[in-house]
Amino acid sequence: MPGIDGVEITGPAGHRYDEILTPGALALIARLQRELAQRRTGLLAVRASRQQELIAGGTLDFLAETRGIREDKSWRVAAPAPGLVDRRVEITGPTDRKMTINALNSGAKVWLADFEDANTPLWDNMVTGQLNLKDALDRKIDFTSDEGKAYQLRPDAELATIVVRPRGWHLDEKHVLVDGERVSGSLFDFALYIFHCAQRQLDKGSGPYFYLAKLESHAEARLWNDAFNIAQDELGIPRGTVRATVLIETIPAAFEMQEILYELREHSSGLNAGRWDYLFSIIKKFRTRGREFVLPERNAVTMTAPFMRAYTELLVSTCHGRGAHAMGGMAAFIPSRRDAEVNATALAKVRDDKTRESRDGFDGSWVAHPDLVPICREVFDGVLGDQQNQLGKLREDVSVTAADLLSVGKTPGGITEAGLRNNISVGLQYLANWLAGNGAVAIFNLMEDAATAEISRSQVWQWLHNDVSLAEGPVVTAGLVQQMIGEELAAIRDRCGDAFDAAKFDAATALFTEVALADDYAEFLTIPAYERMP
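Reading the values: rules and limits
Residues numbered from 1 in each chain as written. Predicted model: local features only at pLDDT ≥ 70, side-chain atom pairs only at ≥ 80, totals over all residues. Heavy atoms only, no water. Buried < 20%, exposed > 50% of the residue type's maximum accessible area, 1.4 Å probe, protein only. Helix = DSSP H or I, 4+ residues; strand = E, 2+ residues; numbered from the N terminus. Pairing = 2+ DSSP bridges. Right-handed = clockwise from strand over helix to strand, strands pointing away. Salt bridge = Lys/Arg side-chain N within 4 Å of Asp/Glu carboxyl O. Axes fitted to C-alpha atoms, helices over the stretch in contact; angles between N-to-C directions. Parallel < 35°, antiparallel > 145°, perpendicular 65-115°, else oblique. Contact = heavy atoms within 4.5 Å. Nonpolar A, V, L, I, M, F, W, Y, C, P; charged D, E, K, R; others polar. Core = buried A, V, L, I, M, F, W, Y, C linked by side-chain atoms within 4.5 Å. Polar contact = N/O pair within 3.5 Å; in protein donor to acceptor, adjacent residues only side chain to side chain. Phe/Tyr/Trp six-rings, centres within 6.5 Å; stacked < 30°, edge-to-face > 60°.

Chemist: Looking at this model, I keep getting lost on the pairing of strand S10 (residues 243-247). Mind explaining?
Modeler: Along any regular strand the residues' side chains alternate between the sheet's two faces. Of all the five residues making up S10, five are buried; the element is thus mostly covered by neighbouring parts of the structure. The alternating pattern of S10 places Arg243, Thr245 and Leu247 on one face and Ala244 and Val246 on the opposite face, and all of these are buried. Sheet topology note: the strand S9 (residues 209-212)/S10 ladder contains four bridges and is parallel. Bridge assignment links Tyr211 to a residue of S10, and that residue is Thr245. On the question of chirality, the crossover connecting S9 to the parallel S10 by way of helix H6 (residues 218-235) is right-handed.

Chemist: Would you take a moment to explain the pattern of salt bridges for this structure?
Modeler: Considering all chains together, one arrives at 50 salt bridges under this definition. Note that Glu90 and Arg87 form a salt bridge whose closest N and O atoms lie 2.7 Å from each other. Look at Glu90 and you get buried, because its relative accessible area is 0%. Across the pair Arg395 and Asp397 runs a salt bridge whose closest N-O atoms are separated by 2.9 Å. Members of the salt-bridge network, linked through shared partners, are Asp114, Glu116, Asp117, Arg165, Lys214, Glu249 and Asp277.

Chemist: Can you help me understand the packing of helix H4 (residues 123-137) against helix H5 (residues 185-203) in this one?
Modeler: The description of two helices packed together rests on the angle between their axes and the distance between the axes. Axis separation between H4 and H5 bottoms out at 9 Å; the angle between their running directions is 10 degrees. Relative to H5, H4 is oriented roughly parallel. Contact residues: Trp123, Met126, Gln130, Leu133, Lys134 and Leu137 in H4; Phe188, Asp189, Leu192, Tyr193, His196, Cys197, Arg200 and Gln201 in H5. Classifying every residue of the contact of H4 with H5 gives eight nonpolar, three polar and three charged.

Chemist: It is not clear to me how the nonpolar core should be interpreted in this structure. Could you clarify?
Modeler: The tendency in soluble globular proteins is for nonpolar side chains to be buried as a group. Core analysis: the biggest nonpolar cluster contains 122 residues, and Trp111, Ile248 and Phe307 have the highest contact counts within it. Val294, Val460, Leu511 and Met533 belong to the second-largest nonpolar core, a separate cluster that totals 41 residues.

Chemist: Explain unusual backbone geometry here, please?
Modeler: Keep in mind that most residues, glycine aside, have a negative phi and that most peptide bonds are trans. The phi dihedral of Asp179 is positive, around 55 degrees, even though this residue is not glycine. On the secondary structure map, Asp179 appears in the loop between strand S7 (172-178) and strand S8 (181-184).

Chemist: Can you help me understand the environment of Val110 in this one?
Modeler: Along the chain, Val110 turns up in strand S3 (residues 110-114). Along the chain, Val110 and Thr401 lie 291 residues apart, while their C-alpha atoms are 32 Å from each other. Discounting residues that sit within four places of it in the chain, Val110 has contacts with Gly83, Leu84, Arg87, Val89, Glu90, Ile91, Ala160, Thr161 and Val163.

Chemist: Even after reading the chapter, I still don't get helix H9 (residues 275-285), so can you show me in this structure?
Modeler: The α-helix winds at 3.6 residues per turn, so residues separated by three or four positions along the chain end up facing the same way. Counting buried positions along H9 gives ten out of eleven residues, so the element sits mostly inside the fold. Arg275, Asp277, Tyr278, Leu279, Phe280, Ser281, Ile282, Ile283, Lys284 and Lys285 are the residues of H9 that are buried.

Chemist: Just checking my understanding: could you explain the sheet that holds strand S1 (residues 7-9) for this structure?
Modeler: What links the strands of a sheet is backbone hydrogen bonding, and the strands pair in either a parallel or an antiparallel sense. If you walk across this open sheet you meet the three strands as S1-S7-S8, and the pairing is antiparallel. Strand pairing shows two members of the sheet lacking a second neighbour, S1 and S8, which therefore form its edges. Between one strand axis and the next, the sheet turns by 55 degrees as a mean value, whatever way the strands run. Of the strand pairs in this sheet, S1 and S7 are connected by three bridges, and their pairing is antiparallel. Across the sheet, residue Ile9 finds its bridge partner in S7, namely Val176. This element, helix H1 (residues 23-55), spans S1, S7 and S8 of the sheet and lies at about 95 degrees to S8. Sitting on the sheet, H5 touches S7 and S8, and the angle it makes with S8 is about 60 degrees.

Chemist: Whenever I open this one, the side chain of Glu357 confuses me. Can you help?
Modeler: Inspection of the secondary structure assignment puts Glu357 in helix H11 (residues 340-360). Within the structure, the side chain of Glu357 is placed 2.5 Å from the side chain of Ser365, a separation counted as a polar contact. Discounting chain neighbours no more than four positions away, the residues touching Glu357 are Arg275, Gly328, Gly329, Phe362, Ser365 and Phe380.

Chemist: Help me understand the side chain of Asp135, please; the structure alone is not making it clear to me.
Modeler: Tracing the backbone through its elements, the reader meets Asp135 in helix H4. In this structure Asp135 touches Arg16, Arg97, Lys140 and Ile141, once residues within four positions along its chain are discounted.

Chemist: Help me understand the packing of aromatic side chains, please; the structure alone is not making it clear to me.
Modeler: The description of an aromatic ring pair uses the distance of the two centres, along with the angle that the planes make with each other. Tallied over the full model, the rule gives 18 aromatic pairs. Taking the centre distance of 3.7 Å and the plane angle of 5 degrees together, the rings of Tyr278 and Tyr311 count as stacked. Pair noted here: Tyr278 is in helix H9 and Tyr311 is in helix H10 (residues 306-321), with a separation of 33 residues, a long-range link. With respect to class, Tyr278 is no different from Tyr311; both count as buried. Measuring from ring centre to ring centre gives 4.1 Å for Phe286 and Phe293, while their planes differ by 10 degrees; the resulting arrangement is stacked. Judged by relative accessible area, which is 1%, Phe286 ranks as buried. Take Phe293: its relative accessible area is 4%, and that puts it in the buried class.

What follows is the structure, encoded as structure tokens:
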């Protein structure tokens, strides 16, 4: 591949990589990195400073300095873009070849093509994922399984709209250096997609659309907006062509929803209630603040908890007041073809969850499995009728205070031995798969991704450091957790039989022990995990 001044690719070459890592694409990455990297570093430092303030006893509130933006009722985001007017069902998943075809064919309105939490950032995943998106838009993608089953795309009119989720601002791409420094994973993923696929999408009547992950402030949204403008100008695309939906999946961002929409208003297509990362963020931000911020075990925390109701109702009200879509959270259940009873119970919960969201005014919601698309679509069809969304449902009845968003202590539920063991088992199984290259893992009939693994290890850390007692009596100690790690690992070995990969689980155990038990809390488990992979 021809070189670009100051750009070094340290990852190995692979089949057709030259179609993605082209001189033009690398030049765009280099420009974005050079113009924005220093601001990115500064914003990550602001995150760290804010965390120290919370550890010292500080709190979060709506910003006094941006009150004028919140109180100005006149501004609106851009009108919904082609392919993003009706979003009643969105499916998420990584960009491997089979998933690309299945997601596009699923009957969902939108596919979140994920380079983030449902993906492992192996070098090959990051490059071939971009190839798969390009091939899909060119209708040159197919897949045949080991069993001989063939997968092909349906006609274009039946396919979901592609919305790409780049990695968050905190992650690097270590296989590409610009002027000797690792590039931002966010800018790498964004630049490759917009460079290769923006015009392809426009030619098909939609456009280059994105989901933005892990934002913690409107200043971080402004950085994305500037990246969009640089790329659009570089490629000769009119400003406003890019559209972005921001995941409100951190507790600081929940206090800046209005400001985030304002910063992106020319490019905004709404907000999403990223429920699992939101729980992770609350645990992380307030992990040292005692029982007031200790959540029950993961499976006991539902969307009806007071602090979660406040968050979702504020999101709908905020979005619709500005003409933006409000997207509901993930249904992570994976239907079982072997256990009808498990299926019936879980599907009833999915239906209840989607019914609540549709009645609250959400314009659509997420599923992790194609078999859940019909349920979600049926529920939203029932509310929407012949409308494409619920933007007219303004929810002016909603009034949410800072105290409401922070009312974690009002969450019902306990902390049991089974809950602790579930966190440990899920963490071990997920990390074993993550380190091997798979970021979306079916565990106990749920599609687990990095967000749920983060909750699992963070709860263990929080319970350990806040002297939490299990419902059965024992206090959570490092010794108890280490004992259970050994026992859960043995149980996994028994279930796997000859398929158990000892080396893979040894690596996962070492990593889980580090991020769950170390005195110093790792902000993201994916950062030390990334350094362990080639």
